[in-house]
Amino acid sequence: MKHDDDFDADPMGQELRASLVRHAADAPRGDFLAERIIAAADQAGAAARPHRARRRWGLPLIAAGAVAAAAALAFVGVQALQPQPKHHQQPLASHTPTPTPSPTTTPPVVGPPHTDMKRVRILDVTFVEKHAWALASAECTNDPAKRCTALLQSTDQGRNWPSVPTQGLFNVPGVSAGCSTACVTNLRFVNDTLGYAFGPTALYLTKDGGATWTQLRGGAIALESLDKDVIRVSRTASGRVRVSVAPNGDRHWTKVPFDDTADSVALNRGHGASYLLLMRTGGPSTLYRSEDKGHSWTSLGEPCPTGRSLAVAAGNDAGVSVLCKAPDDTRFVATSTDFGAHFTAGDPVPTSADLLAGDPSTVLLAGGDGLSRSTSAGRGWTQIAQVTGTLGFVGTESETKATAVSADGRTIWTTRDGGRHWKAVSLG
Amino acid sequence: MTTRGSVQRIAGWCCLLLVEVLVRHEVGFAGFVREHTPVLLRTAYLMTGNAQAAEELVQDTFVRLYPKWDKVESAEVPIAYVRRAMTNGYINFQRRAARREYAYEDVPERLDERDAFGQLADRDQIWAGLRALPERQRAALVLRFFEDLSDEESAAALDCRVGTVRSLISRGLSTLREQMGTPR
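Computed from a prediction, not measured in an experiment: that's the story for all the values here. (Residues numbered from 1 in each chain as written. Chains lettered and ligands numbered in written order. Predicted model: local features only at pLDDT ≥ 70, side-chain atom pairs only at ≥ 80, totals over all residues. Heavy atoms only, no water.)

1. Let's talk about the packing of helix α1 (residues 11-24) of chain A against helix α9 (residues 162-180) of chain B
Then, in step 1: Between α1 of chain A and α9 of chain B, whose axes approach to 10 Å, the crossing angle comes to 90 degrees. Classified by the angle between their axes, α1 of chain A and α9 of chain B sit roughly perpendicular to one another. Across the interface between the two elements, Met12, Gly13, Glu15 and Leu16 of chain A of α1 of chain A pack against Leu173, Leu176, Arg177 and Met180 of chain B of α9 of chain B.
Then, in step 2: A breakdown of the residues in the contact of α1 of chain A with α9 of chain B according to their chemical character gives 5 nonpolar, 1 polar and 2 charged. (Axes fitted to C-alpha atoms, helices over the stretch in contact; angles between N-to-C directions. Helix = DSSP H or I, 4+ residues; strand = E, 2+ residues; numbered from the N terminus. Parallel < 35°, antiparallel > 145°, perpendicular 65-115°, else oblique. Contact = heavy atoms within 4.5 Å. Nonpolar A, V, L, I, M, F, W, Y, C, P; charged D, E, K, R; others polar.)

Now the structure itself:
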């Protein structure tokens with residue numbers, strides 16, 4: 001938030017801000033409290049508003065019960081009085097309008113183990129030339145019944161992933177210890193030694209390839225480095241988005257003027273420009289562009305010709321793509337070759353698609369139905385047969401190198417020919 | 001397809017639809033609580049300076065709002081609505097607590113082991129100084145310098161005018177400055 005007064009410039013205000021941030025880290029985490037509140041609200045609600053509760057909930061409950069009873073009686077009746085041949089019996093659930101869940105598991109990849117850790121679940125991967133790191137949870141080495149935070153490093157272009165000790169400084173979601181210490185969800189490396197691990201309330205810096213980490217103030221919901229500098233996006237409790245920049249590896253960040261709100265964000269950088277997509281539940285998204293390495297941002301409004309955008313992928317030069325969701329729930333990719341000034345809609349894509357990467361000349365689209373590739377600005381798509389199941393991540397490192405990770409975090413796919421052919425490594 | 005079969009299917013749909021509607025309301029509240037409790041708890045902790053009091057404040061706020069959750073959900077910014085309720089709850093609680101101090105002569109309970117102000121006073125004068133401020137000034141400073149709220153948003157949370165918020169912040173900073181012996 002940019003305030004238009006001198007309180008922020010007041011040294012005491014600055015010291016107070018730093019003190020509050022430090023002490024906020026001592027606050028209880030609130031995981032158990034949330035469950036306690038939900039239980040308490042149920043009890044208090046039932047006791048405090050019997051009439052209103054009955055008016056709002058009683059009739060539907062009675063109706064639901066009656067309908068359920070009728071359904072049960074009808075079912076019993078049909079079964080007892082008119083037994084149907086087996087091929088006529090169809091379970092009720094098969095007729096209900098509930099969506100079919102997408103498969104979340106991926107086919108096992110046969111081969112020797114590629115890591116010393118067991119039951120690995122990858123949260124994020126980052127590739128830098130021949131090196132790569134993966135942030136994950138895995139079976140604890142000293143207690144197979146528990147799950148621990150794992151950092152894996154590959155030095156052979158993603159074929160093998162030996163573990164690197166994390167010093168226990170941070171945790172990731174899904175580990176047995178919970179997130180009692182600062183929790184990180186993402187990982188970005190700048191080069192072979194310099195990298196960041198971050199989450200909404202925590203940010204760590206390493207300058208020795210992940211061997212040791214230093215905690216920096218605050219957290220990040222998105223962070224991307226390119227060339228010599230890094231852009232960091234964070235969000236206040238009220239949903240206000242903050243952007244700050246720093247030279248790679250510098251502990252001091254410069255807050256840049258930025259004033260908008262979002263429920264979630266996507267940050268993507270190309271050599272032509274950086275793009276920040278702010279997404280809001282139920283409302284239009286806003287795409288911002290920076291051509292000075294994040295120091296200033298220009299709003300481009302909602303980039304999708306219809307509907308709202310769900311993902312952004314910056315290309316090199318003036319190209320940028322967005323994944324759009326139309327009001328009728330159909331999805332398509334819109335591309336721009338003029339730094340986002342104008343977007344052209346492509347062909348419809350699967351409604352399960354929610355991830356986007358690549359230059360408009362070669363776009364990768366991922367989600368619940370594996371991976372698709374377009375070399376015609378989203379107007380024609382080729383399904384990649386080697387990559388199946390639901391994906392949780394897709395990203396490009398260069399015009400030829402890209403990575404995809406299954407949603408269950410067990411399999412990594414890599415390509416070195418612009419997405420034509422992919423190799424899978426199973427860590428699960 | 002038999003008539004019984006159709007009735008059976010329709011009944012099933014209706015049943016599932018109604019259950020889904022009922023569950024969705026509950027999930028809305030529960031989802032909000034799970035998502036926002038950690039951040040509200042941090043703000044409450046900075047206001048109260050005490051882990052237990054912070055948890056009580058957040059819990060009381062949600063339980064108080066639960067019967068009118070539809071109103072919260074229909075607010076333009078639901079989290080702002082909840083924050084306002086929590087801030088008011090904090091100020092009112094402090095006032096009640098202050099009155100209670102005069103009403104009883106009991107020996108005060110031992111400080112909460114996680115009494116952050118007590119633990120950290122020696123190494124953070126600002127943090128200790130914050131504790132000595134009147135509750136409205138303290139809340140205004142936390143909303144401004146931690147939540148990063150604008151004057152208008154702070155005014156809404158504190159249920160007062162923008163000018164009052166600026167006055168609270170100014171006086172709060174001034175008091176902290178005096179305690180630290182720092183010239184303006």
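2. Some words on the confidence of the model for chain B
Residues and elements named next belong to chain B.
Then, in step 1: Here chain B averages 75 in pLDDT, while 67% of its residues score no lower than 70.
Then, in step 2: The least confident element of chain B, judged by mean pLDDT, is helix α5 (residues 116-120) at 42; the most confident is helix α7 (residues 135-145) at 92.
Then, in step 3: Across residues 98-123, where pLDDT falls below 50, the model places 28 contacts with residues more than four positions away in sequence or in other chains.
Then, in step 4: Taken together, the chains of this predicted complex give a pTM of 0.55 and an interface ipTM of 0.75. (pLDDT = per-residue confidence, 0-100.)

3. Digging into the confidence of the model for chain A
Then, in step 1: Looking at chain A as a whole, its pLDDT mean stands at 80, while 81% of the residues score no less than 70.
Then, in step 2: Throughout residues 47-111 of chain A the model reports pLDDT below 50, and contacts reaching past four residues in sequence, or to other chains, amount to 65 contacts.

4. Overview of helix α2 (residues 51-65) of chain B
Residue and element names in this part refer to chain B.
Then, in step 1: Compared with an ideal rise of 1.5 Å per residue, which puts 15 residues at 21 Å, α2 spans 21 Å between its outermost C-alpha atoms and is within 8% of the ideal.
Then, in step 2: Listing the buried residues of α2 in full gives Ala51, Ala54, Leu57, Val58, Gln59, Thr61, Phe62 and Leu65.
Then, in step 3: One side-chain oxygen of the residue at the start of α2 lies 2.8 Å from the amide nitrogen of Gln52, identifying that residue as Asn50. (Expected span 1.5 Å × (residues − 1). Buried < 20%, exposed > 50% of the residue type's maximum accessible area, 1.4 Å probe, protein only. Polar contact = N/O pair within 3.5 Å; in protein donor to acceptor, adjacent residues only side chain to side chain.)

5. Description of the nonpolar core
Then, in step 1: One finds Leu16 and Leu20 of chain A together with Phe29, Val58, Phe62, Leu141 and Leu158 of chain B to be the most contacted residues of the largest nonpolar core, which totals 57 residues.
Then, in step 2: Element by element, the count of residues in this core is highest for helix α1 (residues 3-48) of chain B, at 10 residues.
Then, in step 3: Sequence-distant contacts of Leu20 of chain A, that is, excluding residues within four places in its chain, are made with Leu46, Trp127, Leu130, Leu141, Val142, Phe145 and Phe146 of chain B. (Core = buried A, V, L, I, M, F, W, Y, C linked by side-chain atoms within 4.5 Å.)

6. Focus: the sheet that holds strand β16 (residues 298-299) of chain A
Residue and element names in this part refer to chain A.
Then, in step 1: On the basis of which strands lie adjacent, the open sheet formed by 4 strands has the order β13-β14-β15-β16 and antiparallel pairing. Edge strands, defined here as strands with exactly one partner in the open sheet, are β13 (264-269) and β16.
Then, in step 2: As defined by bridge partners, strand β15 (residues 286-290) adjoins β16 across 2 bridges and the pair is classed as antiparallel. Considered in β16, the bridge of Tyr288 is made with Ser299. (Pairing = 2+ DSSP bridges.)

7. Topic: the state of the cysteines
Residues and elements named next belong to chain A.
Then, in step 1: Scanning the model with the defined rule gives 2 disulfides over all chains in all.
Then, in step 2: Put simply, Cys140 and Cys148 are joined by a disulfide, and their sulfur atoms are 1.9 Å apart. On the sign convention where negative is left-handed, the bridge of Cys140 and Cys148, at about 100 degrees about the S-S bond, is right-handed.
Then, in step 3: Note on Cys140: relative accessible area 5%, which makes it buried.
Then, in step 4: Disulfide partner of Cys304: Cys324, at an S-S distance of 2.1 Å. Taking the torsion about the S-S bond as the criterion, the Cys304 to Cys324 disulfide, at about -95 degrees, is left-handed. (Disulfide = S-S within 2.5 Å.)

8. What about the packing of aromatic side chains?
Then, in step 1: Under the defined criterion, the tally for this structure stands at 15 aromatic pairs over all chains.
Then, in step 2: For the pair Trp133 of chain A and Phe189 of chain A, a centre-to-centre distance of 3.6 Å together with 0 degrees between the ring planes defines the contact as stacked. Taken together, the positions of Trp133 of chain A in strand β2 (residues 131-139) and Phe189 of chain A in strand β5 (residues 186-189) put the pair 56 residues apart, joining distant regions of the chain.
Then, in step 3: Taking the centre distance of 6.2 Å and the plane angle of 90 degrees together, the rings of Phe29 of chain B and Phe62 of chain B count as edge-to-face. Of this pair, Phe29 of chain B sits in helix α1 while Phe62 of chain B sits in helix α2; the two residues are 33 residues apart in sequence, bridging distant segments of the chain. (Phe/Tyr/Trp six-rings, centres within 6.5 Å; stacked < 30°, edge-to-face > 60°.)

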